[in-house]
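# Residue-level structure breakdown
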Amino acid sequence: MMTLEVPVLINTVAEREEFFIKLYKQVFPGVAEFISKRNGTLTDAKDIFQDALVIFYEKMLDGKLEGISQEAYLFGITKHLWLRKFKHDKKNISLSDFESAITIPEDYFPEVRSNVLLKFLEQTGKKCMELLTAFYYHKQSMQKITRGFGYTSERSTTVQKYKCMEKIRDKITEKSLHYEDFIE
């Protein structure tokens, strides 16, 4: 691998373009091979390399690349970005066909005693019950609830929702109820 000289100052767009083309030709094949050996695609390699080029260019403009191998530094950035992406993606494991075929029996989840829950909702007041129903049951956005209920802002709607939930929590705590008291 031939060492690429980083120009002290890139004055024109043409000089910058020429510099990056040379850099791309020298470093990208190794990057593509590295990522390919680690189950990455050509698209992955291009994306990671583009991100690495941006970081490299910022460091170059800051003057932090003097006296080091630019190719090795760029490859190192790329390697670091790929390993970080790989580690992140590793946490997001996809389900296999076997796991997808698993069915959960209907009686797996206990039946909720809705009458007990409804009793506590009613005790919070009509306005709270309507607000919580709109948010949790009808899945309305805070923006829509704010307009529909006449609140001044989404923030005040969120605060009111919180206060309603606190009323329910206080009633449940007051009665010393537990999760089991709400299921049949």
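Residues numbered from 1 in each chain as written. Predicted model: local features only at pLDDT ≥ 70, side-chain atom pairs only at ≥ 80, totals over all residues. Heavy atoms only, no water.

## Here we look at the packing of aromatic side chains
In this structure the tally under the stated criterion is nine aromatic pairs. Note on Phe28 and Phe49: the rings are 5.4 Å apart at their centroids and 70° apart in plane angle, and the pair reads as edge-to-face. Of the two residues, Phe28 is situated in helix α1 (residues 13-37) and Phe49 in helix α2 (residues 42-61); the sequence distance between them amounts to 21 residues. No difference in accessibility class separates Phe28 from Phe49, as the two residues are buried. Seen from the ring of Phe135, Lys161 lies directly overhead, with NZ or CZ sitting 4.6 Å from the centre. (Phe/Tyr/Trp six-rings, centres within 6.5 Å; stacked < 30°, edge-to-face > 60°. Helix = DSSP H or I, 4+ residues; strand = E, 2+ residues; numbered from the N terminus. Buried < 20%, exposed > 50% of the residue type's maximum accessible area, 1.4 Å probe, protein only. Lys NZ or Arg CZ within 6 Å of the ring centre and 35° of its normal.)

## Considering the confidence of the model for the chain
Model confidence for the chain is summarised by a mean pLDDT of 77, while 71% of its residues fall at 70 or above. The least confident element of the chain, judged by mean pLDDT, is helix α4 (residues 97-100) at 57; the most confident is helix α7 (residues 142-149) at 91. (pLDDT = per-residue confidence, 0-100.)

## As for unusual backbone geometry
With a phi close to 65°, Asn39 is a non-glycine residue in the positive phi region. Structurally, Asn39 can be placed in the loop between α1 and α2. Among the residues examined, Asn39 registers a relative accessible area of 70% and is labelled exposed. Unlike most non-glycine residues, Lys139 shows phi in positive territory, near 55°. Secondary-structure assignment places Lys139 in the loop between α6 (126-137) and α7. With a relative accessible area of 67%, Lys139 lands in the exposed category.

## Structural notes on the pattern of salt bridges
Throughout the structure, instances matching the rule amount to four salt bridges. Salt-bridge contacts for Glu33 lead to Lys37; the nearest nitrogen and oxygen are separated by 3.1 Å. With a gap of four residues between them, Glu33 and Lys37 both fall in helix α1, about one helical turn apart. Given the relative accessible area of 60%, Lys37 is considered exposed. Arg169 is the salt-bridge partner of Glu166, the closest N and O atoms lying 2.7 Å from each other. Of this pair, Glu166 and Arg169 both sit in helix α8 (residues 154-174), separated by three residues, roughly a single helical turn. (Salt bridge = Lys/Arg side-chain N within 4 Å of Asp/Glu carboxyl O.)

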